[in-house]
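# Coordinate analysis (summary)
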Amino acid sequence: MVSAFILAVATSAQAAPVVEAEPSRLVLGPRARAEITVRNAGPGLHAAVSMGTLTDAPSGEDFKRFYWIPPAEARAPALVLFAFWTGESPTLTDVTVLALPCSGRTELAIETEPAAQVTVEVAGARFGPRRADRQGRLKLPVEVGPHAHEARVIAELADQSKIRVIPLNLPPSAWLLGLTPESSVDGAPVHALIVVPDTEESAGIELVAEGAKVEREQEAGRRLLFRVTPEPGRSTVPLVARTLDGSVRAEETLTVVRPVVSAAVVPPPPPPPPARWVLGGAIGGYVGGGSNAGPQAAFIVGYGLRNLPLVAELEVGVRSQSMSAQVGTLGVQDSSLLLFPIELALRWEAISAGTFRLGIRAGGGILPGSHHLSSNFDADLSEGVLGWEVFAAAQAGLRVGPVEPYLEVRPALSKVSTSHLEARPGGGIFSVGVRGELR
Amino acid sequence: MTRALRFLIALCIAGCGGATLPPPSVVSVSPAARPASTSGPVTLTLDAVLPTFADHGSSTATVDDRMTVKIGPRTFGPSRWADAGVITDFLPSVLPEGSYDVTLVLGDGRLAMATDAFRVSAGTWPVGYTIDTIPEQTSGSPFGVTLRAQGGQDGGYIGTVNFAVPGASVTPTISGPFEAGLRVEVITVTVSRPGNYHLDVSDLGGRTGRSLDFRVNQ
């Protein structure tokens with residue numbers, strides 16, 4: 001058993017995870033699999049791998065375990081790189097990199113002396129001996145690791161031996177290209193981590209992005225950290241890690257996700273109002289043309305309907321108006337009108353924004369009261385009167401603690417008429433009021 | 001609640017059509033009595049709510065101030081309400097002894113009657129009247145005549161007399177009040193043809209007087 005191959009970098013203030021692989025090397029094949037165990041990792045552990053698939057495995061309280069499975073078709077030797085870190089904005093010192101050498105199994109075709117005893121050495125491992133046939137041909141199964149560069153073929157025949165060196169042209173191992181966070185939220189920059197295996201022979205490392213700005217943030221040996229900022233309007237950004245001669249070693253696609261605007265911007269609708277009693281009062285005046293003008297006041301009792309922004313209101317008020325007129329040579333005639341309006345209204349709480357309230361009212365009712373005639377030339381007269389009124393109104397108020405002061409403008413159509421009087425005690429009614437709710 | 005409803009219904013019944021105006025009244029008659037042979041001012045104090053309509057839209061008020069006042073059969077005072085219902089007018093000595101109702105009829109037909117509010121007692125009448133000579137006159141032109149009551153009450157006659165010019169018309173038909181038995185009256189005689197005429201005076205007690213003939217030209 002070979003000890004675990006851990007490539008932990010210098011620690012920073014935040015300790016990097018400790019990673020180990022079991023087995024520490026393996027031969028690629030249909031049953032190839034490794035367990036990767038991560039310790040000393042805080043919450044928000046991220047992982048990236050240069051090849052194959054990492055899946056969650058049963059973990060403990062103090063460690064996190066993954067299964068790594070190579071691609072089914074992978075047979076060529078490769079140095080597989082794993083990277084682990086915590087958080088969304090790591091530095092290179094926060095990243096732990098583990099390299100897992102994966103060997104490939106192949107048959108080496110050898111041509112040597114007839115009937116020679118052949119042994120093959122690849123990166124220190126010996127395969128054979130096996131005897132060549134009468135033509136000197138032989139096929140010998142060998143395992144080639146990612147660091148192998150050549151195979152030494154040792155042919156022994158009687159009292160002599162020959163050694164030949166066969167160069168091995170292995171495909172380059174894939175680079176690790178990881179993104180953190182894995183996607184860009186509304187075009188926000190992300191970090192791209194590149195780890196280059198030590199088997200890489202081509203010079204140079206570059207990260208090319210289509211539709212994004214790439215800035216190199218940090219570099220330590222064969223590890224680099226880039227900052228990738230998608231251009232506005234991009235939904236995806238293809239990323240390619242390659243050598244300076246243009247050989248692509250890793251590819252990744254950055255996805256740009258858009259936040260759901262409606263959920264973020266639109267505040268939740270206010271809860272439907274409960275049933276409530278409303279008490280209020282208002283004072284003001286009215287102007288209806290001529291002598292149809294005077295002070296007015298009202299007391300309002302309302303009942304707010306459950307789950308509806310509507311308040312049914314009973315309004316009891318008082319209004320007063322009077323006039324004096326010269327009548328020929330007789331003298332001066334006075335006429336005064338005192339009314340006690342009793343009206344029903346429906347108020348719609350149309351807008352409620354913060355402390356501001358805007359309401360619309362409509363209603364009508366009766367105008368009972370008394371009319372008094374007096375002069376300096378005949379006797380006084382008092383009579384009961386009964387008029388009517390219909391109105392619409394707009395209210396604007398500010399919620400101040402438990403009460404709501406408000407202003408009301410009320411166009412009203414009203415009439416009080418007898419054989420001695422014609423009056424329209426409405427017109428434009430202006431009020432300043434305050435009300436409170438009882439729940 | 002029921003009480004309030006009743007109040008509203010009552011108010012509606014009372015108020016929708018307007019109040020029915022109260023009847024007028026004759027508050028006082030001054031003097032309330034006098035001898036038949038005297039004349040002079042009589043003051044009636046009336047109380048009424050005149051028919052009034054106040055229009056608050058135009059800030060105007062209209063009042064129906066028409067009225068008719070009578071003492072007995074005789075029309076008294078102005079035909080329109082005045083002086084806050086205190087009516088003073090001259091009442092000649094044309095009412096015989098007796099008691100008379102004072103009536104007031106307003107423009108909307110409301111009526112006030114003070115039964116037997118004015119009493120007339122038996123008077124002391126002169127024994128006759130003399131008329132100073134009347135010079136030649138022109139028809140339709142006013143001229144003065146001097147009337148003298150003969151005998152009668154202490155201090156002289158203070159009543160009135162009726163005028164008549166046979167064959168012609170004369171205005172006024174009743175004289176003003178005598179003072180200490182003397183009355184200078186301005187009259188107008190209108191004739192249809194020139195000629196000689198005379199003036200007759202008479203009182204309620206049946207005493208008379210006649211002037212000498214005087215010529216009236218056209």
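Computed from a predicted model, the values in this text were never measured in an experiment. (Residues numbered from 1 in each chain as written. Chains lettered and ligands numbered in written order. Predicted model: local features only at pLDDT ≥ 70, side-chain atom pairs only at ≥ 80, totals over all residues.)

### Quick look at the overall build of chain A
For chain A, the count of helices and strands is one helix and 32 strands. The buried share of chain A, taken over its 439 residues, is 36%. Sequence separation of 24 or more characterises 57% of the internal contacts of chain A that already satisfy a separation of 6 or more. (Helix = DSSP H or I, 4+ residues; strand = E, 2+ residues; numbered from the N terminus. Buried ≥ 20, exposed ≤ 12 C-beta atoms within 10 Å, placed from the backbone. Contact = placed C-beta atoms within 7 Å.)

### Regarding the overall build of chain B
Summing up its helical and strand segments, chain B has one helix and 20 strands in all. Counting all 218 residues of chain B, 32% fall into the buried class. For chain B, contacts bridging at least 24 residues in sequence account for 61% of all contacts bridging at least 6.

### Section: the environment of Ala-78 of chain A
Residues and elements named next belong to chain A. In this fold, Ala-78 is placed in strand S8 (residues 78-86). A residue is classified by how many C-beta atoms lie within 10 Å of it, and Ala-78, with 27 of them, is buried. Taking the C-alpha atoms as reference points, Ala-78 and Cys-102, separated by 24 residues in sequence, lie 5.3 Å from one another.

### Concerning the pairing of strand S10 (residues 117-122) of chain A
Residue and element names in this part refer to chain A. Burial along S10 is one-sided: the residues Val-118, Val-120 and Val-122 are buried and none of Gln-117, Thr-119 and Glu-121 is. Of the strand pairs in this sheet, S10 and strand S13 (residues 150-157) are connected by six bridges, and their pairing is antiparallel. When the bridges of S13 are listed, Val-118 appears paired with Ala-155. (Pairing = 2+ DSSP bridges.)

### A few points about the sheet that holds strand S21 (residues 236-242) of chain A
All names here are of chain A. Pairing is mixed across the open sheet formed by four strands, whose spatial order is S16-S22-S21-S18. One side of each edge strand has no neighbouring strand; the edge strands of this open sheet are strand S16 (183-185) and strand S18 (206-209). Strand-to-strand twist in this sheet, taken as the mean axis angle between neighbours without regard to direction, amounts to 25°. With four bridges joining them, S18 and S21 adopt antiparallel strand pairing. In the strand pairing of S21, Glu-206 is matched with Arg-242. (Axes fitted to C-alpha atoms, helices over the stretch in contact; angles between N-to-C directions.)

### Description of the interface of chain A and chain B
In this assembly, 29 residues from chain A lie in contact with 29 residues from chain B. Put simply, the parts of the chain that give the side of chain A that touches chain B at least two residues each are strand S25 (310-327), strand S26 (331-339), strand S28 (356-375), strand S29 (381-398) and strand S31 (421-423) of chain A. For the side of chain A that touches chain B, the leading source of residues is S29 of chain A, giving five residues. When the residues that make up the side of chain A that touches chain B are grouped by side-chain class, the tally is 13 nonpolar, twelve polar and four charged. (Nonpolar A, V, L, I, M, F, W, Y, C, P; charged D, E, K, R; others polar.)

### Observations concerning the environment of Leu-138 of chain A
Residue and element names in this part refer to chain A. Among the structural elements, Leu-138 can be located in strand S12 (residues 137-144). With 22 C-beta atoms counted inside 10 Å, the residue Leu-138 sits in the buried group. A sequence separation of 30 residues divides Leu-138 from Leu-108, and the C-alpha atoms of the two residues are 8.2 Å apart. Not counting residues up to four positions away in its chain, the partners in contact with Leu-138 are Ile-110, Thr-112, Val-118, Arg-130, Ala-132 and Asp-133.

### Some details on the environment of Trp-348 of chain A
Residue and element names in this part refer to chain A. Take Trp-348: it is sitting in strand S27 (residues 342-353). In this structure Trp-348 comes out as partly exposed when scored by C-beta crowding, with 15 C-beta atoms within 10 Å. Expressed as a C-alpha distance, the spacing of Trp-348 and Pro-309, which sit 39 residues apart in the sequence, is 5.8 Å. Not counting the four nearest positions on each side in its chain, Trp-348 is found in contact with Pro-309, Leu-310, Gly-359 and Ile-360.

### Some thoughts on unusual backbone geometry
Residues and elements named next belong to chain A. Residue Pro-129 is bonded to the preceding Gly-128 through a cis peptide linkage, with omega at -5°. Following the sequence through the fold, Pro-129 ends up in strand S11 (residues 125-131). With phi around 50°, Ala-123 is a residue other than glycine that occupies positive phi space. Considering the arrangement of structural elements, one finds Ala-123 in the loop between S10 and S11. Judged by the 18 C-beta atoms lying within 10 Å of it, Ala-123 falls in the partly exposed class.

### Focus: the sheet that holds strand S20 (residues 223-230) of chain A
By way of backbone hydrogen bonds, the strands of a sheet pair with one another, either parallel or antiparallel. Residue and element names in this part refer to chain A. Taken together, the four strands give an open sheet; going across it, the order is S15-S17-S20-S19, and neighbouring strands pair in antiparallel fashion. Bordering the open sheet on either side are strand S15 (176-180) and strand S19 (212-220), each of which pairs with just one other strand. Direction aside, neighbouring strands of the sheet carry axes that sit 25° apart on average. Sheet analysis places S19 next to S20, joined by eight bridges and oriented antiparallel. Paired with Ala-212 across the two strands is Pro-230, which belongs to S20.

### Some points on the confidence of the model for chain B
Summarising the model, chain B shows a mean pLDDT of 91, and 91% of its residues fall at 70 or more. This prediction of the complex comes with two scores: 0.56 for pTM and 0.79 for ipTM. (pLDDT = per-residue confidence, 0-100.)

### Here we look at the pairing of strand S6 (residues 53-57) of chain A
Residue and element names in this part refer to chain A. Taken across its five residues, S6 has zero buried, putting it largely on the surface. Alignment of S6 against strand S7 (residues 63-69), held across five bridges, turns out to be antiparallel. Bridge assignment links Thr-53 to a residue of S7, and that residue is Ile-69.

### Section: the nonpolar core
One finds Phe-82, Ala-83, Leu-176, Ala-192 and Ile-194 of chain A to be the most contacted residues of the largest nonpolar core, which totals 54 residues. Look past the residues within four positions of Leu-176 of chain A in its chain and what remains in contact with it is Ala-48, Val-49, Ser-50, Leu-81, Ala-83, Ile-194, Val-195 and Ala-250 of chain A. Leu-330 and Val-385 of chain A together with Ile-71 and Leu-204 of chain B belong to the second largest nonpolar core, which has 39 residues in total. (Core = buried A, V, L, I, M, F, W, Y, C linked by C-beta atoms within 7 Å.)

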